Amino acid sequence: MSALRAAATAVALTLTGALPVLAQTVPPGPPVNVQIVTQPGPAMPQFTRVDQPLLRDGLAAKSNGRIRVTLASWPERNLNGPEILRLVRSGQVDIGAVPLNTVAGDVPLLDVVDLAGLNPSLDQARRVAAAMLPEVNKELERFGVRILVMYPFAAQEFFCRGEVKSLADLRGKRIRTGGGSSNDFVTQIGGQPTGIGFPEVYAALERGVVDCAITGTGSGNSARWYEVTQSLYALPLFWSVSAYVVNVQWWNRLDPAVRATMEATLKEVEDAQWKLGLEQTEDGISCNIGDRANCKLGRVPDANPMRVFRPVPADTDVMRATLTSTILPNWVKRCGARCGEIYNRVVAPITGVTFTAN
């Protein structure tokens with residue numbers, strides 16, 4: 001009898017230990033409807049592999065259906081990106097995801113997280129993002145929004161019509177950029193920066209409106225840019241560090257248990273997106289050049305795969321020198337002297353590059 005009782009106790013303890021995993025994390029209550037708009041395209045892995053399973057489906061499962069997420073990508077709402085911050089601020093969208101450089105025109109301090117040439121590795125980009133989060137939220141909260149978490153895309157590189165083997169080959173070319181410091185970089189190397197919303201870039205490349213476009217290796221693959229470009233110059237200029245931004249008033253009104261569950265879920269999203277950014281960088285290259293054996297996340301072209309050209313050391317040196325001589329000073333001019341002080345206090349200890357006023 002005692003053996004049976006012991007076995008029963010063991011089973012009970014096992015089940016009890018499993019309960020926190022199985023039980024819903026949000027208590028019963030009125031439904032919470034959440035409008036979320038993320039990602040420049042619905043086919044991107046950031047949307048299909050992270051946002052859909054973790055935000056849309058995961059929050060519903062964790063709350064036993066109480067949290068109801070309506071999730072859309074930018075094109076599904078006819079958005080190009082710069083409007084995201086304003087829609088979140090106005091309350092038309094509860095949470096929006098957007099690359100920081102896309103909305104840095106409204107808040108120039110945002111640009112410092114991912115300046116062109118600043119972060120040669122994704123690990124450093126994450127450390128810079130974490131260090132700057134409290135600083136940028138001080139700015140954003142004055143507008144009624146705040147960043148919940150930041151995340152990257154794959155390395156931002158050059159998709160070009162024709163053959164491009166080095167930065168020298170970009171001179172005189174019209175290049176679609178994400179604005180901000182990428183404009184400064186392209187101008188400095190003799191290119192012509194051009195602003196075009198991501199959903200319109202394919203057609204612009206196809207028609208020759210632009211000669212090249214900068215985006216993530218995987219993002220360009222998901223948008224089928226390999227159909228309208230021939231060269232991928234694999235110089236990681238930046239990482240398109242992005243953010244999930246929330247309306248502060250809406251966020252503060254949430255049931256604390258709902259908010260806690262959403263915070264925990266966004267942390268899962270953050271970790272998944274940084275992992276994906278690393279994986280997608282080389283995967284995107286493999287997919288675009290038709291390397292089927294190493295293409296796991298994207299698509300291999302049906303015909304005419306791209307050619308990849310790896311950066312020559314001289315171009316890496318040019319990128320770093322341009323950061324010091326042009327990109328940092330121009331950003332401080334846009335943002336103000338206080339931004340230079342914030343950079344030197346928060347970012348310079350991580351990057352090893354100090355801003356010096358001219």
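Rules used in this analysis
- Residues numbered from 1 in each chain as written.
- Predicted model: local features only at pLDDT ≥ 70, side-chain atom pairs only at ≥ 80, totals over all residues.
- Heavy atoms only, no water.
- Helix = DSSP H or I, 4+ residues; strand = E, 2+ residues; numbered from the N terminus.
- Contact = heavy atoms within 4.5 Å.
- Polar contact = N/O pair within 3.5 Å; in protein donor to acceptor, adjacent residues only side chain to side chain.
- Axes fitted to C-alpha atoms, helices over the stretch in contact; angles between N-to-C directions.
- Parallel < 35°, antiparallel > 145°, perpendicular 65-115°, else oblique.
- Left-handed = near helix turned anticlockwise from the far one by under 90°.
- Buried < 20%, exposed > 50% of the residue type's maximum accessible area, 1.4 Å probe, protein only.
- Core = buried A, V, L, I, M, F, W, Y, C linked by side-chain atoms within 4.5 Å.
- Disulfide = S-S within 2.5 Å.
- Pairing = 2+ DSSP bridges.
- Phe/Tyr/Trp six-rings, centres within 6.5 Å; stacked < 30°, edge-to-face > 60°.
- Salt bridge = Lys/Arg side-chain N within 4 Å of Asp/Glu carboxyl O.

A. Quick peek at the environment of Asn247. Among the secondary structure elements, Asn247 is positioned in strand E10 (residues 242–247). Here the alpha-carbon distance between Asn247 and Arg86, two residues 161 residues apart in the chain, equals 9.9 Å. Ignoring sequence-local partners within four residues, the contact set of Asn247 consists of Val88, Arg89, Ser90, Gly91, Asp94 and Gly144. Within the local environment of Asn247, its side chain forms a polar contact with the backbone oxygen of Val88, the two atoms lying 2.8 Å apart.

B. Region of interest: the packing of helix H6 (residues 181–188) against helix H11 (residues 313–335). Where H6 contacts H11, the two axes come as close as 9 Å, and the packing angle between them is 130°. Of the possible angle classes, the one that applies to H6 and H11 is oblique. As H6 packs across H11, the resulting crossing turns out to be right-handed. Along the contact surface, H6 presents Ser181, Asp184, Phe185 and Gln188, while H11 presents Met319, Thr322, Thr326, Ile327, Asn330 and Arg334.

C. Structural detail: the environment of Gly162. Structurally, the position occupied by Gly162 is in the loop between strand E5 (156–160) and strand E6 (174–177). According to the relative accessible area criterion, Gly162 is partly exposed, its value standing at 32%. Along the primary structure Gly162 and Met306 are separated by 144 residues, whereas in three dimensions their C-alpha atoms are 9.9 Å apart. With residues near it in sequence (within four places) discarded, Gly162 still touches Gln230 and Ser231.

D. Layout of the nonpolar core. One finds Met132, Phe158, Met262, Trp331 and Tyr343 to be the most contacted residues of the largest nonpolar core, which totals 111 residues. Among all residues touching Met262, those that are not within four sequence positions of it are Val34, Leu59, Ile67, Ile95, Trp250, Trp251 and Leu254.

E. Examining the state of the cysteines more closely. Tallied over the entire structure, the rule returns 3 disulfides. The disulfide bridge from Cys287 ends at Cys295, spanning 2.0 Å between sulfur atoms. Disulfide Cys287-Cys295: torsion about the S-S bond near 100°, hence right-handed. The two residues Cys287 and Cys295 agree in class, both being buried. A sulfur-sulfur separation of 2.0 Å characterises the disulfide bridge that pairs Cys335 with Cys339. Across the disulfide from Cys335 to Cys339, rotation about the S-S bond amounts to roughly -55°, and the bridge is consequently left-handed. Disulfide connectivity for the protein, with bonded cysteines indexed by sequence position, reads 1-2, 3-4, 5-6.

F. Up close: the sheet that holds strand E2 (residues 67–72). As summarised here, the arrangement of the 5 strands in space is E2-E1-E3-E10-E4, forming an open sheet in which the pairing is mixed. One side of each edge strand has no neighbouring strand; the edge strands of this open sheet are E2 and strand E4 (145–151). Ignoring which end each strand starts from, the neighbouring axes of this sheet average 25° apart. When E4 meets E10, the two strands line up antiparallel, connected through 6 bridges. Paired with Ile147 across the strands is Val245, a residue of E10. This element, helix H2 (residues 45–62), spans strand E1 (32–37), E2 and E10 of the sheet and lies at about 155° to E2.

G. Examining the packing of aromatic side chains more closely. All told, the structure shown has 5 aromatic pairs when counted by the stated rule. For the ring pair Tyr151 and Tyr244, a centre distance of 4.9 Å and an interplane angle of 35° mean the geometry is tilted. Of this pair, Tyr151 sits in strand E4 while Tyr244 is found in strand E10, placing the two residues 93 residues apart along the sequence. A relative accessible area of 1% places Tyr151 in the buried class. The buried category is assigned to Tyr244, whose relative accessible area is 0%.

H. Summary view of the pattern of salt bridges. Tallying each qualifying case throughout the model produces 21 salt bridges. Between Asp211 and Arg174 there is a salt bridge; the shortest N-O distance is 3.6 Å. Of this pair, Asp211 sits in the loop between helix H7 (198–207) and strand E8 (212–216) while Arg174 sits in strand E6; the two residues are 37 residues apart in sequence, bridging distant segments of the chain. Assessed through its relative accessible area of 16%, Asp211 is described here as buried. Connected through salt bridges with shared partners, the residues Arg126, Lys267, Glu270 and Asp271 form a single ionic network.

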